[in-house]
Amino acid sequence: MIQTISTSHYLILAAALFCLGMLGVLIRRNALVVFMCIELMLNATNLTFLAFARERGDDLGHLSAFFIIAVAAAEAAVGLAIVISVFRARGTVNIEEIQSMKH
Amino acid sequence: MIIPHFTLNDFLPVMPVGVLMAAAIVLMLSEVFLTSTTRTYQAIIAALASIVAGGIAVNNAFEPARLVLQGYAVLDPFSSWTTAMVCLGTFLAVLLSAGFLKHRNAERGEFYALMLFAAAGMSLLSLSAEFITLFINLEVLSVATYALTAFLRRGPRPSEAGFKYFILGAFAAALLLYGAALIYGATGATKLVEVSAALPAAFAKSPALVYAGLGLVLAGFAFKVAAVPFHMWTPDVYEGAPTPVTALMSAGVKAAAFVAMVRTFLFLVKGIDPVIPFTVFSLLALLTMVGGNLLALPQRNVKRMLAYSSIAHAGYMLLGVAALFAPKLVEAGAKVGVLTATPLTGTAQDVSVAVYKGLLFYILGYTVTSLGAFGTISALERREDETRGNTWDLERFAGLAQRKPGWAAAMALFMLSLGGVPPTVGFLGKLFLFSAAVDAGLLGLAIVGVLSSVIGVYFYLRVVVYMFMRPAPIDAPAPFRHWTTELALVTSAVLVVGLGILPGTITEWFSRVGMVFGH
Amino acid sequence: MEKLQLFFQTAPVDATQAGHALWLIIALPLLGALISGVAGKVIGRANVHLVTIGAVFGSFLLSLLVFWSVNDFRASAPSPFGGIGYAVGADFGTWFQAGTFRVNFGLVVDHLSGVMLLVITGVGFLIHLYSAEYMSHDKGYWRFFAYLNLFIAAMLTLVLADSLPLLFVGWEGVGMCSYLLIGFWYDDPQKAYAGRKAFITNRIGDFGFLVASFLMVLMVESIVGLPADKLNRAGITGEQVSSRYGSAVAEKGPLAFSVLEETAKALPNLLDEKIVTGPLTGLTYELALTIIMLCFLLGAAGKSAQIPLYVWLPDAMAGPTPVSALIHAATMVTSGIYLFTRVSYLVVLSPVAMITIALIGATTALVAALIAFTQKGIKKILAYSTVSQLGLMFLGIGVGAFWAAFLHVVTHAFFKACLFLAAGSVMHGNADEEDVTKLGGLRKEMPVTWATFLVSTMAITGIVPLSGFFSKDAILHAAHTQHIAGYHGLQTLAWVMGTLTAACTAFYMMRAYFLTFEGERSKDAKTPHAHESAPLMTGPLVVLAVLAVVALVHGLPIMHMQRGGETVTQTLMENFLDPVLRTTNDLVAQKQFLELPHEHESMVGPWIQAWIIAIVSGALAFFIYRRFLPRGGSLQFLEPLRKFSFNKFYVDEVYDALIIKPITVLSRILHKVVDAVLIDSVAVHGTAWLTARTGAVLRYLQTGDAQMYAAVMALAASSGVVWAIFKVLP
């Protein structure tokens with residue numbers, strides 16, 4: 001039987017998601033997956049906002065989450081376009097091969 | 001639901017942004033409805049819009065500092081001046097782009113529209129006083145610059161730069177946002193004024209939450225200002241982006257991020273042991289000054305060298321920020337160290353006025369110098385070179401004085417200004433910031449700063465030496481000529497010298513009290 | 001006569017107005033440089049000439065007007081200490097301010113800078129005219145004139161400045177122009193190298209200047225902080241001095257000359273005191289002042305080509321000849337002397353600095369003269385002669401004969417500019433032949449050049465009654481009769497070296513003259529017949545030669561002054577500079593660091609001595625080079641000495657062996673030990689090398705991998721957070 005789910009449960013879940021997302025950004029090879037991991041981080045943030053809002057019972061967190069979703073969508077649009085342009089230029093989206101500029 | 005009562009006064013700070021946005025929309029529509037072959041008129045529209053917006057911003061700069069739009073934004077000289085300088089940078093960058101794009105047959109209305117959107121984002125960022133507003137404006141600015149970076153679709157470099165910038169930028173934004181969420185959790189507020197009021201209590205209750213929040217927010221800003229070790233994207237992105245865009249990024253984006261960072265942290269350090277923010281900013285300043293200059297040293301690629309140089313310059317500005325956050329109470333017997341504050345006179349002075357003046361003047365000086373330097377480079381790179389590796393090699397500058405003395409003289413001027421040689425604006429900017437740092441007692445850090453800028457002089461002068469003392473290679477490029485490019489370069493050069501010789505009135509404006517809201 | 005005097009002493013313009021118009025003098029050539037530099041290629045040669053020469057001429061006219069104004073007995077320049085007499089000036093407001101440090105943009109002309117103004121714009125104008133013809137075949141004419149005008153503007157800034165920082169702007173400006181003009185023909189790598197050598201040596205000097213200025217600020221600030229009773233002096237209470245001084249420092253900045261002068265007035269009672277505030281704490285004021293003066297000496301030695309930094313000047317002759325005449329003989333190289341005369345009130349408070357300046361000057365003078373003995377290039381001879389004459393001027397400064405040194409600056413400007421231009425004319429007419437042993441017999445072929453060269457040679461040699469005689473003799477006389485307290489022996493040595501220099505000068509100048517103009521035309525000559533230069537070139541020569549004669553007026557003891565009940569006879573220049581040097585003279589009288597001769601003996605005796613030295617030495621040259629060695633060369637038994645001198649005493653080689661070589665070798669070793677991948681040009685300098693290598697290693701952290709970048713960011717952010725949390729948790 002699950003007892004009441006407290007705020008800290010939500011927060012721990014959000015933190016875990018955030019860390020998973022971060023880890024994904026750091027180690028996944030496929031640019032698209034990396035990109036999705038960033039979305040995961042943003043969603044973890046949303047969850048954090050919502051969890052705090054639920055605890056406090058105010059609208060601010062909910063409002064923030066909506067704004068973040070909207071902004072993330074805009075970011076996704078540009079991000080996908082860039083990934084496509086990378087694919088067109090190189091024929092690959094493997095992040096380890098996108099390192100022609102260095103040192 | 002209460003409908004808020006806004007007066008026209010509330011919209012004063014966002015008027016410049018309104019002008020920029022309107023012009024951007026006009027430019028996008030022009031691409032749909034007008035099919036003229038020459039598109040220089042688009043650049044002229046964008047340039048005029050930035051002049052008008054800048055004019056409004058200068059006008060705003062003499063308004064008293066206050067909160068507007070229900071506390072979501074501020075109207076204070078600090079943000080208004082930043083907006084004005086962003087507009088100046090956009091004006092120059094637009095002019096540079098006109099020639100640059102024409103040479104590449106890539107003139108498009110959306111390019112200018114994106115530039116204006118980016119400028120709007122920068123202006124908004126500098127006056128945001130609430131976390132979600134801050135995040136949205138940061139994204140407005142970032143999304144526009146991601147697109148601009150990858151705008152030219154020739155060769156692998158622009159898309160690679162855009163990709164790196166996007167991934168890392170989004171990553172940093174996510175960090176900042178998560179930090180904001182944690183601070184919201186700790187204080188129950190997202191408006192900076194309310195956050196700052198609730199912080200001492202929140203800090204007493206759950207310090208770890210607050211520190212994690214603050215650290216993540218700082219990481220987000222440190223990414224945008226390219227502070228070492230959050231700088232690593234800078235050279236790659238600056239190298240790959242179209243040069244006028246690089247110029248705008250190095251000047252405008254950084255300026256806006258700096259101002260937003262200072263504003264945010266002025267509110268966020270309430271109730272915290274002052275040693276902690278001071279140490280963090282000093283450490284960032286130290287690493288950034290030294291790292292930027294050391295990394296620039298071995299570069300033969302001038303564009304990349306300038307990218308590292310922009311990191312170093314961020315370091316000097318961070319020195320000013322560190323001085324701002326220097327603890328006001330200092331032990332009498334404190335020793336001079338790199339990360340300590342030891343006032344010469346024994347009592348710490350309030351250097352905030354000097355720091356604001358120094359920061360604004362530095363931003364102004366760096367804007368004109370950097371636009372000029374990147375502008376000269378942009379005029380020298382040939383379209384045919386884009387697939388070659390050595391587009392920006394020092395060798396390309398050899399003998400420039402012989403072939404194009406005017407260009408060489410201008411570039412030499414910009415290099416001297418970057419190196420901080422009098423009587424250029426770069427010298428005065430450094431002088432103001434360093435003297436503010438010394439007055440705040442940051443002796444050790446200021447000495448490190450001076451030493452590291454001595455390293456800088458070497459690689460700036462190397463460009464001058466190549467231009468004036470090496471024979472030209474056979475395939476040396478001649479700069480392409482376009483009146484807008486030349487206008488931008490002459491404007492920058494005149495400002496670099498003019499402000500260096502006669503900073504009088506402007507420094508007086510920059511050092512008025514009531515510069516920053518809430519401080 | 002009195003009416004004439006009144007005419008000259010009543011200026012047609014009001015002093016305030018003249019002061020406010022001073023910026024125009026700088027602005028005109030600056031505008032000329034801008035027009036010529038930006039649009040020179042488009043508007044064509046004639047227009048470039050019109051604009052640039054016109055700009056300098058305009059400056060000259062304005063300078064004349066200003067000079068007239070400063071002669072007005074009513075003229076007074078604003079100063080926080082109640083006005084400077086016989087001067088005009090204006091303060092154009094704050095230039096920049098950082099904390100308590102502040103610099104105003106102020107210009108001032110007094111008798112000292114007034115004379116410099118006339119010399120710079122006057123000689124500058126003549127040389128511009130000359131260059132119009134001299135550079136008539138060069139494609140880079142517009143660049144040349146732009147640089148030349150820019151130089152004039154920078155030099156005018158240097159002399160018009162009323163504070164050290166503004167003077168430094170001019171100081172750097174002239175250095176930059178000199179550097180650009182030396183390397184003007186940069187296609188030739190050797191000439192470009194000469195430019196770089198000048199650049200580096202001057203940077204060493206500038207470093208000295210900057211350190212000196214910095215220390216000066218500290219010293220002024222320590223005096224501001226002194227209790228008022230330390231500042232008592234005759235006729236004025238300490239409170240008054242202290243409040244006036246403090247407000248002047250706040251108003252004009254610590255490095256304004258008016259503040260420095262007041263500092264000097266306050267110093268005599270403080271010299272033995274220890275500084276109690278600021279970073280200089282623990283030093284006595286005397287020691288601090290001496291260090292400051294020695295740092296200034298380093299700066300001045302760089303700019304004015306004194307030992308050990310003189311090596312750049314002879315190489316600087318790689319530039320076009322008019323440049324050598326204007327920058328490297330008449331104006332820029334004298335800025336070290338100008339600087340010391342400007343702050344003469346500080347110099348006379350430090351005997352150590354004075355004797356050092358005197359010895360450096362005398363040694364430079366003698367060494368350069370000995371090197372000049374055997375040089376073959378006519379411009380090289382003149383270059384070493386310039387170094388030597390500058391040394392004499394430094395000797396004058398060192399023994400406190402500021403007016404004599406300055407008089408020599410003026411007369412030297414005329415005759416040396418004339419010599420250089422004549423040498424240029426010779427080269428112009430002989431297919432750019434520089435070697436004196438391959439010239440000869442030009443007297444008939446180039447009569448105007450010959451006559452002017454002869455007049456100037458006699459002037460520099462010190463033949464009565466030409467101007468050089470009076471100025472040089474005044475220096476040597478002062479070196480003989482005025483004594484720096486405590487250093488009599490060393491000073492006598494300096495005087496002997498100075499006198500020897502005078503003898504050497506006569507010899508090598510006569511040698512150059514005889515080999516070039518007398519005798520038969522050399523068989524090795526590049527062209528069978530020389531041709532006289534165009535009037536545009538000979539015209540300035542004639543004017544300068546006339547000036548070289550006329551300038552003698554300044555050296556005549558014709559002014560009679562009532563001082564302390566007795567009539568003192570002064571030379572015109574001494575009398576003219578009296579308002580500028582008044583504080584200096586008062587300090588000399590007060591501190592007695594400089595012992596002046598009690599009675600003024602007749603000058604006739606020393607004059608005859610000097611004249612005999614010049615004649616004998618010149619005659620020796622005549623015999624050697626007319627009788628025995630009409631084609632140059634040397635006497636057999638003197639060959640090793642000749643070789644030693646011809647190779648400039650191997651100074652360049654010594655510098656190379658002692659400084660440059662060991663560093664190179666060391667760095668090569670390091671280079672091989674660590675690895676040999678990067679950066680050759682920095683490797684010469686140890687620290688720079690290390691720094692560069694650190695950077696070079698660091699750059700490989702920049703792998704181009706976005707994920708690695710993100711990881712570094714994440715790591716940094718989390719470690720920062722963890723550190724902060726640990727810091728607050730108990």
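Residues numbered from 1 in each chain as written. Chains lettered and ligands numbered in written order. Predicted model: local features only at pLDDT ≥ 70, side-chain atom pairs only at ≥ 80, totals over all residues.

### Regarding the overall build of chain C
The number of helices and strands found in chain C is 28 helices and eight strands. Every one of the 730 residues in chain C was classed for burial, and the buried ones make up 55%. The contacts in chain C between residues at least 6 apart in sequence include a share of 77% that link residues at least 24 apart. (Helix = DSSP H or I, 4+ residues; strand = E, 2+ residues; numbered from the N terminus. Buried ≥ 20, exposed ≤ 12 C-beta atoms within 10 Å, placed from the backbone. Contact = placed C-beta atoms within 7 Å.)

### As for the overall build of chain A
When helices and strands are counted, chain A shows three helices and zero strands. Secondary structure elements in chain A, listed N-terminal to C-terminal, are α-α-α. Within chain A, buried positions represent 36% of all 103 residues.

### Points about the pairing of strand β4 (residues 101-109) of chain C
Residues and elements named next belong to chain C. With respect to burial, β4 is a largely interior element, eight of its nine residues being buried. Pairing geometry for strand β3 (residues 88-98) and β4, over eight bridges, is antiparallel. For Gly89, the partnering residue across the bridge sits in β4 and is Val108. (Pairing = 2+ DSSP bridges.)

### Regarding the packing of helix α16 (residues 378-398) of chain C against helix α21 (residues 488-517) of chain C
All names here are of chain C. α21 packs onto α16 with a crossing angle of 160° between their chain directions and a minimal axis gap of 11 Å. In terms of their interaxial angle, α16 and α21 are classed as roughly antiparallel. Relative to α21, α16 is oriented so that their crossing is left-handed. For the pair formed by α16 and α21, the contact residues are Ile378, Ile381, Ser385, Ser388, Leu392 and Leu395 on the first element and Ala494, Gly498, Thr501, Thr505, Tyr508, Met509, Ala512 and Thr516 on the second. Residues belonging to the contact of α16 with α21 are distributed by class as follows: eight nonpolar, six polar and no charged. (Axes fitted to C-alpha atoms, helices over the stretch in contact; angles between N-to-C directions. Parallel < 35°, antiparallel > 145°, perpendicular 65-115°, else oblique. Left-handed = near helix turned anticlockwise from the far one by under 90°. Nonpolar A, V, L, I, M, F, W, Y, C, P; charged D, E, K, R; others polar.)

### Quick look at the interface of chain C and chain B
Facing 39 residues of chain C, the contacting portion of chain B comprises 44 residues. Contributing elements (two or more residues each) for the side of chain C that touches chain B: β3, α7 (189-224), α27 (686-698) and α28 (706-728) of chain C. A total of 13 residues in the side of chain C that touches chain B trace back to one element, the largest contributor, which is α28(C). Looking at the side of chain C that touches chain B residue by residue, the class counts come to 24 nonpolar, 10 polar and five charged.

### Some remarks on the interface of chain C and chain A
With 11 residues of chain C at the interface, the matching set in chain A holds nine residues. Looking at the side of chain C that touches chain A residue by residue, the class counts come to five nonpolar, four polar and two charged.

### Focus on the environment of B:Leu433
Residues and elements named next belong to chain B. In this fold, Leu433 is placed in helix α16 (residues 425-439). For Leu433, a count of 27 C-beta atoms within 10 Å corresponds to the buried category. Setting aside chain neighbours within four positions, we find Leu433 in contact with Tyr316, Met317, Leu319, Gly320, Gly358 and Tyr362.

### Examining the nonpolar core
Counting residues in each nonpolar core, the largest one holds 510 residues, and the members touching the most others are B:Met115, B:Leu116, B:Ala322 and C:Ala417. The leading source of residues in this core is helix α6 (residues 157-187) of chain B, at 21 residues. (Core = buried A, V, L, I, M, F, W, Y, C linked by C-beta atoms within 7 Å.)

### A few points about unusual backbone geometry
With omega at 10°, the peptide bond leading from B:Val228 into B:Pro229 counts as cis. For B:Pro229, the position within the fold is in the loop between α8 (207-225) and α9 (233-240). The peptide bond linking C:Ile307 to C:Pro308 adopts the cis configuration, its omega dihedral lying at 5°. You can see C:Pro308 is positioned in the loop between α10 (285-303) and α11 (312-315). At B:Gln70, a position not held by glycine, the phi torsion is positive, near 60°. Topologically, B:Gln70 is positioned in the loop between β1 (66-68) and β2 (73-75). Residue C:Gln592 is not a glycine yet carries a positive backbone phi of 60°. The topology assignment puts C:Gln592 in the loop between α23 (572-591) and β8 (594-595).

### Some words on the confidence of the model for chain C
All names here are of chain C. Mean pLDDT over chain C: 82, with 88% of residues reaching 70 or higher. Across chain C, element-level confidence peaks in helix α13 (residues 335-342) with a mean pLDDT of 93 and bottoms out in helix α26 (residues 651-674) with 59. Low pLDDT, under 50, characterises residues 673-684; the stretch is placed with 15 contacts to residues that sit more than four places away or in other chains. Quick note on the complex model: pTM equals 0.68, ipTM equals 0.95. (pLDDT = per-residue confidence, 0-100.)

### Looking at the packing of α6(B) against helix α7 (residues 192-205) of chain B
Packed helices, taken two at a time, are described by the angle their axes make and the gap between the axes. Residue and element names in this part refer to chain B. Across the interface, α6 lies against α7 with an axial gap of 9 Å and an inter-helix angle of 70°. It follows that α6 is roughly perpendicular to α7 by the angle criterion. Judged by residue contacts, Ile183, Ala186 and Thr187 of α6 engage Val195, Ala198, Leu199 and Ala202 from α7. Within the contact of α6 with α7, the residues separate by chemical class into six nonpolar, one polar and no charged.

### Some words on the environment of B:Val32
Among the structural elements, B:Val32 can be located in helix α1 (residues 15-33). By the C-beta count within 10 Å, which is 8 here, B:Val32 ends up exposed.

### Quick notes on α6(B)
Since the α-helix packs 3.6 residues into each turn, any two residues three or four apart lie on the same face. Across its 31 residues, α6(B) extends 44 Å between first and last C-alpha, which sits within 8% of the 45 Å expected from 1.5 Å per residue. By the criterion of burial, α6(B) is predominantly enclosed, with 31 of the 31 residues buried. (Expected span 1.5 Å × (residues − 1).)

### With respect to helix α13 (residues 352-380) of chain B
The terminal C-alpha atoms of α13(B), which comprises 29 residues, lie 41 Å apart, in line with the 42 Å expected from a rise of 1.5 Å per residue. Along α13(B), 27 of the 29 residues are buried, which leaves the element largely enclosed by surrounding structure.

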